[in-house]
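As a plain string of letters, each chain reads:
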Amino acid sequence: MTRTDRDAPTLVQRALKGHAAIGLLVGALMYLVVLSGTLVVIGPRWDRWEQPRAPEMHHIAPAAVQHAVAVAGGAHPATIMVTLPDDELPRTIVTAGKRPYFLDASGNRAQVVAHPWADFLLALHIYLNLPATLGLVVVGALGSMLSALIVTGVIAHPRLFRDAFRLRARANRQLAQADWHNRLGIWTLPFGLAVALTGAFLGLAVVGATLIAKGHHGGDVAQVYAPIFGDQVAPGGGPAKIADVAAALTMMQARFPDVTPSYVSIAGAGRQEQRIEIIADVPHRLIYGESYRFDAAGHYLGKVGLSDGAVGQQVAASMYRLHFGSFGGLAVELAYVLFGLCLLVVTGTGMSLWLHKRRRRGEPSVRLEAFWTIIVWGAPLLIVIDYWIVVAWPTASATWWFWSLLAALVIVLMIWPHFAKPSAGRRVLGASILVTGVAHAALMRPSPASFALDLVIALTGIIILVAPGLLAARRTITRAA
Amino acid sequence: MILTLGLAGMALAVLCLRLGWRRRRGVVALGWALGIAAAARLTARWGMWGLCTAILGGIAAAAVVLAYEALVSPAVFRPVRARITVTTPRWRVEGLARRLATFLLVVPIGFAATEMLALGAETAASRAGWVEANSTVLALVTQPLAWAALASMQMITRHPRSMIAPAALCALAGAILWL
């Protein structure tokens, strides 16, 4: 063996280097996307939590929906959409213009939908708050890079099975972090790959669809999606009575008793050719629903085939729920939150390990360490602060405040990096979460479901505050013994 | 009932893996067999929904086992000097060109090459008589999958120069499928 061969890095070393390089490139943005993604798994519950006094119901009568669309149709919108109540969001929402609003159980208009903080979280996850198409592509690219991180991470870990349960959580900080990073990364690998690839699909599809549209359909993207999700032609014709949604919903109950309508839309509302579309949950399926179509009189026309059509339709319709974990009720949502937190720990410890290694080699990156402290502890803290900003000042832009404060924090702590203390960041974050849970419960008169969320929030704050202390206490006890 | 039994099977499978870990290969094999059987049963009953639910059950069981491992792990006071496994790059000017080349080859060029492959696959599928929904979704699924695979391949090469060939092959494959 020549000297060159001996010195050449092995596959494992190259994979580690590549893993570290991708992590460095996308680490901060990935952390923000994973953090917001973990929160938006229970997005509808945040909607209820942020706007606690909207009317709630577990069912709304077809006649009440009909009354609501008749009223909404008076303003002559092109499309009327009604989100029907379900277990996760027991509220009925009408969108027939710029401002969606709630309905009461009789179908009368209630207050306007206003949960800017929850909307900000969703936009942070889906677009990184960038303009829509650019944001989708950037977040989609992060999905592909996360997949590449997972693949290189597995190649870099030849002792995959031998170390499967090795977790030295009470060892020194670097070893403990390495074990948490590797063990959580490996055991949540199927989840990580699923959310990464579905996220990449959802984000990057816009590019592929645009290119296919340019190649085959003269640039009309709607024609690319039509064979998958059904055509979305805007019906025309002269003025007519608003479509009979009640008849369509009643027919759904009779003809398809096993599915649950979740969404109604009237395209070309109040036009002669108006068409009703009802999306219904199909139990024990990953698809977001089947789309049933009716004419203006409520006569059934057929379904799009998301549940039993071409394989491509079923695959495309499954991506959303597989990504957001909304296919199995609260249990699956909680699992997604837990595994999302695991992915967050993997992301956070990955960069920390790299920084530790630099420090140990005598090349500390003080400013990069400060930057990473801001991302890991400062970003979630700013999300909490953002909530209180929009509570105190309802017209404030949650997006503007989050990014402005994050930028200010980065600038200040890059200039004075010695002020960036991870332990202080953790304590402030834990305290702010605890205070938020308690204050929300005390001030906002939440529903029982939102009060339960307040308890979880307060408990999360306590765990963040005391968990490292408990580990240290146990370490002291062990040493004394 | 099938769901409960399937999830219990997944949890038991992870428990067997833990109990047999580094000691009893038979118990480990039993764990794998149980896990595969439980996942297969749920998949047979509910298709992909069943498989996803089974996998989530398995990961949740593993999370519980890991939490227990963390709680009972012995305290280590002596600093452990871990083997240096990552060579940290030194931030010098001459390294910048290499990093920039790596970025360009993996991100924009990798993206373009895999998009070509995806569009080529879509064209070939259409030509083979696939319905439009299938050929379109094939393209939309291929691109992110291929990009992740290509980026992984590129990042384990020895030099940025070696990153060119996989990207070029990807684009070439797309062009051939297109023609």
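Worth saying up front: this structure is predicted, and the values here are computed from it rather than measured.

Moving on, we come to the overall build of chain B. Across its full length, chain B holds seven helices and zero strands. Mapped in sequence order, the helices and strands of chain B form the string α-α-α-α-α-α-α. Out of the 179 residues in chain B, the part that is buried amounts to 45%. Of all intrachain contacts in chain B linking residues separated by at least 6 positions in sequence, the fraction that spans at least 24 positions is 65%. If you sum the accessible surface of chain B, you get close to 9,600 Å²; carbon and sulfur atoms cover 73% of it.

All right, on to a nonpolar patch on the surface then. Together, A:Leu25, B:Leu100, B:Phe103, B:Leu104 and B:Ile109 make up an exposed nonpolar region whose accessible area comes to about 440 Å². No other element matches the three residues that helix α4 (residues 93-106) of chain B contributes to the nonpolar patch.

Residues and elements named next belong to chain A. Burial along strand β1 (residues 79-83) is one-sided: Ile80 and Val82 are buried, while Thr79, Met81 and Thr83, pointing the other way, are not. Note: β1 against strand β5 (residues 260-267), five bridges, orientation antiparallel. Paired with Thr79 across the bridge in β5 is Ala267. As judged from the three bridges shared by β1 and strand β2 (residues 92-95), these two strands associate in the antiparallel manner. Each bridged residue has a counterpart across the sheet, and for Met81 the counterpart in β2 is Thr95.

Sheet topology places β5(A) next to strand β6 (residues 275-281) of chain A; seven bridges connect them, and they run antiparallel. Bridging from a neighbouring strand, A:Thr260 pairs with A:Asp281 of β6(A).

In a packed pair of helices, the relevant descriptors are the angle between the two axes and the axis-to-axis distance. All names here are of chain A. Their axes nearest at 9 Å, the elements helix α5 (residues 116-127) and helix α14 (residues 398-415) cross at an angle of 60°. The pairing of α5 with α14 is recorded here as oblique in orientation. Residues Pro116, Phe120 and Leu124 of α5 form the contact with α14, whose participating residues are Ala398, Thr399, Phe402 and Trp403. Each residue belonging to the contact of α5 with α14 can be placed in one class, and the counts come to six nonpolar, one polar and no charged.

The subject of this paragraph is helix α4 (residues 62-73) of chain A. Taking 1.5 Å as the rise per residue, α4(A) with 12 residues should run 16 Å; its terminal C-alpha atoms sit 16 Å apart, in good agreement. Regarding α4(A), the residues found buried are A:Pro62, A:Ala64, A:Val65, A:Gln66, A:Ala68, A:Val69, A:Ala72 and A:Gly73.

Before going further, it helps to spend a moment on the interface of chain B and chain A. Each partner contributes to the interface: chain B provides 67 residues, whereas chain A provides 83 residues. When chain B packs against chain A, close to 6,400 Å² is buried across both sides, 73% of that on carbon and sulfur atoms. Residue A:Asp163 is joined to B:Arg22 by a salt bridge in which the shortest nitrogen-to-oxygen separation is 3.5 Å. Listed by contribution, the elements that provide at least two residues to the side of chain B that touches chain A are α1 (2-20), α2 (25-46), α3 (48-72), α5 (108-127) and α6 (132-155) of chain B.

Glancing now at the pattern of salt bridges. Residues and elements named next belong to chain A. One pass over the full model with this rule turns up 14 salt bridges over all chains. A salt bridge links Asp231 to Arg275, with the nearest nitrogen and oxygen atoms 3.4 Å apart. A residue pair is termed long-range when its members are at least 10 positions apart, and Asp231 in the loop between α9 (221-229) and α10 (245-255) and Arg275 in strand β6 qualify at 44 residues. Under the relative-accessibility criterion, Asp231 is labelled partly exposed at 32%. A salt bridge links Arg293 to Asp231; its shortest N-O distance comes to 3.5 Å.

Glancing now at the packing of aromatic side chains. All names here are of chain A. This structure, assessed with the given rule, holds 25 aromatic pairs over all chains. Arranged with centres 5.3 Å apart and planes meeting at 85°, the rings of Trp46 and Trp49 form a pair that is edge-to-face. With Trp46 and Trp49 both in helix α3 (residues 43-50), this residue pair falls three residues apart, about one helical turn. Note on accessibility: Trp46 and Trp49 belong to one class, buried. Between Trp46 and Trp117, the ring centres sit 5.4 Å apart and the planes meet at 85°, which makes this aromatic pair edge-to-face.

Moving on, we get to the nonpolar core. The biggest cluster of nonpolar side chains holds 90 residues, and the ones touching the most others in it are A:Trp46, A:Trp117, A:Phe327, A:Tyr336 and A:Phe402. What A:Tyr336 contacts, discounting residues up to four positions off in sequence, is A:Val41, A:Phe191, A:Val195, A:Leu322, A:His323, A:Phe324, A:Gly325, A:Phe327 and B:Leu56. Counting residues in each nonpolar core, the second largest holds 36 residues, with A:Ala68, A:Val82, A:Leu103 and A:Val264 among its members.

This part covers the confidence of the model for chain B. Detailed reading of the predicted coordinates is not advisable wherever pLDDT falls low. For chain B, per-residue confidence averages 90 on the pLDDT scale, and 89% of positions sit at 70 or higher. Per the prediction output, this complex has pTM 0.93; the corresponding ipTM is 0.91.

What follows concerns the side chain of B:Glu115. Among the structural elements, B:Glu115 can be located in helix α5. Buried and unpaired, B:Glu115 has A:Lys214 as its nearest opposite-charge partner, separated by 13 Å. Excluding residues that lie within four positions of it along the chain, B:Glu115 makes contacts with A:Val207, A:Gly208, A:Leu211 and B:Gln143.

Once that is clear, we can look at the packing of helix α8 (residues 189-216) of chain A against helix α11 (residues 311-324) of chain A. Residue and element names in this part refer to chain A. The contact between α8 and α11 brings their axes to 9 Å, and the two run at 125°. Classified by the angle their axes make, α8 and α11 are oblique. α8 and α11 meet at a crossing whose hand is left-handed. Between α8, through Val195, Thr198, Gly199, Phe201 and Leu202, and α11, the contact on the second element is made entirely by Ala316, Met319, Tyr320, Leu322 and His323. Partitioned by chemical class, the residues of the contact of α8 with α11 number seven nonpolar, three polar and no charged.

The next subject is the sheet that holds β5(A). Hydrogen bonding along the main chain pairs the strands of a sheet, whether they run parallel or antiparallel. Residues and elements named next belong to chain A. Strands sit in the order β4-β3-β2-β1-β5-β6-β7-β8 across an open sheet of eight strands; the sheet is antiparallel. The two strands at the open ends of the sheet, each matched to only one other strand, are β4 (109-112) and β8 (300-303). Taken pair by pair, the neighbouring strands of this sheet meet at an average axis angle of 25°, ignoring direction. Where β2 meets strand β3 (residues 101-103), three bridges bridge the pair, whose relative direction is antiparallel. Pairing of Ile93 across the sheet is with Phe102, part of β3.

What counts, and where the lines are drawn
- Residues numbered from 1 in each chain as written.
- Chains lettered and ligands numbered in written order.
- Predicted model: local features only at pLDDT ≥ 70, side-chain atom pairs only at ≥ 80, totals over all residues.
- Heavy atoms only, no water.
- Helix = DSSP H or I, 4+ residues; strand = E, 2+ residues; numbered from the N terminus.
- Buried < 20%, exposed > 50% of the residue type's maximum accessible area, 1.4 Å probe, protein only.
- Contact = heavy atoms within 4.5 Å.
- Areas by Shrake-Rupley, 256 points an atom, 1.4 Å probe, with all protein chains shown as cover.
- Patch = residues over 30% accessible without salt bridge, like charges linked within 9 Å, V, L, I, M, F, W, Y side chains within 5 Å.
- Salt bridge = Lys/Arg side-chain N within 4 Å of Asp/Glu carboxyl O.
- Pairing = 2+ DSSP bridges.
- Axes fitted to C-alpha atoms, helices over the stretch in contact; angles between N-to-C directions.
- Parallel < 35°, antiparallel > 145°, perpendicular 65-115°, else oblique.
- Nonpolar A, V, L, I, M, F, W, Y, C, P; charged D, E, K, R; others polar.
- Expected span 1.5 Å × (residues − 1).
- Buried area = accessible area lost by both parts, 1.4 Å probe.
- Phe/Tyr/Trp six-rings, centres within 6.5 Å; stacked < 30°, edge-to-face > 60°.
- Core = buried A, V, L, I, M, F, W, Y, C linked by side-chain atoms within 4.5 Å.
- pLDDT = per-residue confidence, 0-100.
- Lys, Arg positive; Asp, Glu negative; His and termini not counted.
- Left-handed = near helix turned anticlockwise from the far one by under 90°.

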